[in-house]
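Chain residues, written in single-letter form:
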Amino acid sequence: MHWAGSHPLEETFAAFEQLQSQGKIMSWGVSNFDVSELEEVHGIAGEGRLICNQVLYHLKERAIEHAVLPWCERHGVAVVAYSPFGHGDFPGPDSAGGRVLQEIADAHGATPRQVALRYLLRHASVFTIPKASTAEHAAENAGAGKLHLTDAEIARIDDSFPRGPKPRGLPML
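Within each chain, residue numbers correspond to sequence positions counted from 1 in written order. For this predicted model, a pLDDT threshold of at least 70 governs which residues receive local features, and a threshold of 80 or more governs which side-chain atom pairs are given and counted, while totals over whole chains, interfaces and linings are taken from all residues. The basis for every side-chain value is the complete set of non-hydrogen atoms in the structure, without hydrogens or water.

**Q** In this structure, what is going on with the overall build of the chain? I would like to understand it.
**A** Here a helix means four or more residues in a row that DSSP labels H or I, a strand means two or more in a row labelled E, and each is numbered from the N terminus. The secondary structure content of the chain amounts to 7 helices and 4 strands. Mapped in sequence order, the helices and strands of the chain form the string α-β-α-β-α-β-α-α-β-α-α. Within the span of the chain, comprising 173 residues, buried residues form 40% of the whole. Contacts between residues were defined by any pair of non-hydrogen atoms, one from each residue, lying within 4.5 Å. A fraction of 71% describes how many contacts in the chain between residues 6 or more apart in sequence connect residues 24 or more apart. Summed over all atoms, the accessible surface of the chain reaches about 9,300 Å², with 54% contributed by carbon and sulfur. Charge assignment in this entry is limited to Lys and Arg as positive and Asp and Glu as negative, and neither His nor the chain termini are counted. Taken as the charge location is NZ of Lys, CZ of Arg, CG of Asp or CD of Glu. For the chain, the distance from the average position of its 15 positive side-chain charges to the average position of its 21 negative side-chain charges is 2 Å. Note on exposure labels: buried denotes an accessible area under 20% of the residue type's maximum, exposed denotes more than 50%, and partly exposed covers the range between, all computed with a 1.4 Å probe on protein chains only. All accessibility values rest on the Shrake-Rupley procedure with a 1.4 Å probe; residue burial counts only the protein chains present in the view.

And the structure:
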């Protein structure tokens, strides 16, 4: 469910549960839900029913780290990071952040995009859904799973792409 609509959440979640009990879906999740909405889902569905929350998350948009990500970790809810390379705004090689990514990538025999994905995956509850238009691109994305960033490298990325203040609302595309 991408966001709450005109139908009551209780009815929507009851329908999800019915589909699950009929074997038509294995589980269900939400997208673009902030903590207040996650609390509402939790209050209606109960612990362990919500499987994931799909949210905008990339190096230049880390707002979920303030409250959404910690809430999801406490409740065993996976975070599905959409647009993990930004929306056409991946740090270029001439930018300070892009140079940091390239230096770290060079140290690992990787690409800057692999480093960015690995950085986002530093939280066990997060997985990313990067776009891949070719088999080679998919293989490059998958290569991020083989990287092991050091604490110093994570700190360099943190410094290059600061989390920023907590926003009023959850950013989304």
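**Q** Explain the packing of aromatic side chains here, please?
**A** Aromatic ring pairs: the centre-centre distance and the angle between the two ring planes describe each pair. Here is the rule: rings of Phe, Tyr and Trp (six-membered ring for Trp) pair when centre to centre is within 6.5 Å. Planes less than 30 degrees apart are stacked, more than 60 are edge-to-face, and the remainder are tilted. Applying the stated criterion to the full structure yields 4 aromatic pairs. Relative to Phe16, the ring of Phe13 lies with its centre 6.1 Å away and its plane at 40°, an arrangement referred to as tilted. Linking Phe13 with Phe16, this pair stays in helix α1 (residues 9-21), spanning 3 residues, or about one helical turn. The burial state of Phe13 is the same as that of Phe16; both residues are buried. Seen in terms of ring centroids, Phe16 and Trp28 are 5.2 Å apart; in terms of plane orientation they differ by 40°. Their pairing is tilted. Within this pair, whereas Phe16 is found in helix α1, its partner Trp28 is found in strand β1 (residues 28-31), the two being separated by 12 residues in sequence.

**Q** How should I be thinking about the pairing of strand β3 (residues 78-82) in this particular structure?
**A** One face of the sheet, then the other: side chains in a regular strand alternate in exactly this way. Taken across its 5 residues, β3 has 5 buried, putting it largely inside the fold. Residue alternation in β3 divides its side chains into two sets, Ala78, Val80 and Tyr82 and Val79 and Ala81, and both sets are buried. Two strands form a pair only when DSSP identifies at least two bridges running between them. Bridge count between strand β2 (residues 50-56) and β3: 5 bridges; the pairing is parallel. Residue pairing for β3: Asn53 is matched across the bridge by Val79. With helix α3 (residues 68-74) bridging β2 and its parallel neighbour β3, the resulting β-α-β unit is right-handed. For the handedness criterion, the strands are oriented away from the viewer, and a crossover whose path from the first strand over the helix to the second runs clockwise is classed as right-handed.

**Q** I tried to follow the packing of α1 against helix α2 (residues 35-45) on my own but got confused; where do I start?
**A** For any two helices packed against each other, the geometry comes down to the angle between their axes and how far apart the axes lie. As a packed pair, α1 and α2 sit with axes 10 Å apart at the nearest point and diverge in direction by 60°. Relative to α2, α1 is oriented oblique. For the crossing formed where α1 meets α2, the hand is right-handed. Taken together, the residues of α2 that come into contact with α1 (itself represented by Leu9, Glu10 and Phe13) are Glu40, Val41 and Ile44. Each residue is assigned to one class: nonpolar for Ala, Val, Leu, Ile, Met, Phe, Trp, Tyr, Cys and Pro, charged for Asp, Glu, Lys and Arg, and polar for all the others, Gly among them. Residue composition of the contact of α1 with α2, by class: 4 nonpolar, no polar and 2 charged. Between N-to-C directions, angles cover 0 to 180 degrees, with each direction set by a line fitted to C-alpha atoms, over the stretch in contact for helices. With respect to orientation, any angle under 35 degrees is reported as roughly parallel, any angle over 145 as roughly antiparallel, any angle of 65 to 115 as roughly perpendicular, and every other angle as oblique. Left-handed describes a crossing in which the near helix is turned anticlockwise from the far one by less than a right angle; the clockwise case is right-handed.

**Q** For this particular structure, what's the right way to read the pattern of salt bridges?
**A** Here the idea is simple: oppositely charged side chains can pair when their charged atoms come close. By definition here, a salt bridge exists when the distance from a side-chain nitrogen of Lys or Arg to a carboxyl oxygen of Asp or Glu is within 4 Å. Here the structure, examined in full by the defined rule, presents 6 salt bridges. Put simply, Asp158 and Arg62 hold a salt bridge, and the shortest N to O gap is 2.8 Å. Residue Asp158 is located in helix α7 (residues 151-160), and its partner Arg62 is located in the loop between β2 and α3; the two are separated by 96 residues in the primary sequence. Taking relative accessible area as the criterion, Asp158 reaches 26% and is therefore assigned partly exposed. With a relative accessible area of 5%, Arg62 lands in the buried category. Between Glu103 and Arg156 there is a salt bridge, and its shortest N-O distance comes to 2.5 Å. Linking Glu103 in helix α4 (residues 96-108) with Arg156 in helix α7, this pair joins segments that are 53 residues apart in sequence. Since its relative accessible area comes to 44%, Glu103 is described here as partly exposed. Overall, Arg156 belongs to the partly exposed group, its relative accessible area being 34%. Salt bridges sharing common partners tie together Arg62, Glu65, Arg122 and Asp158.

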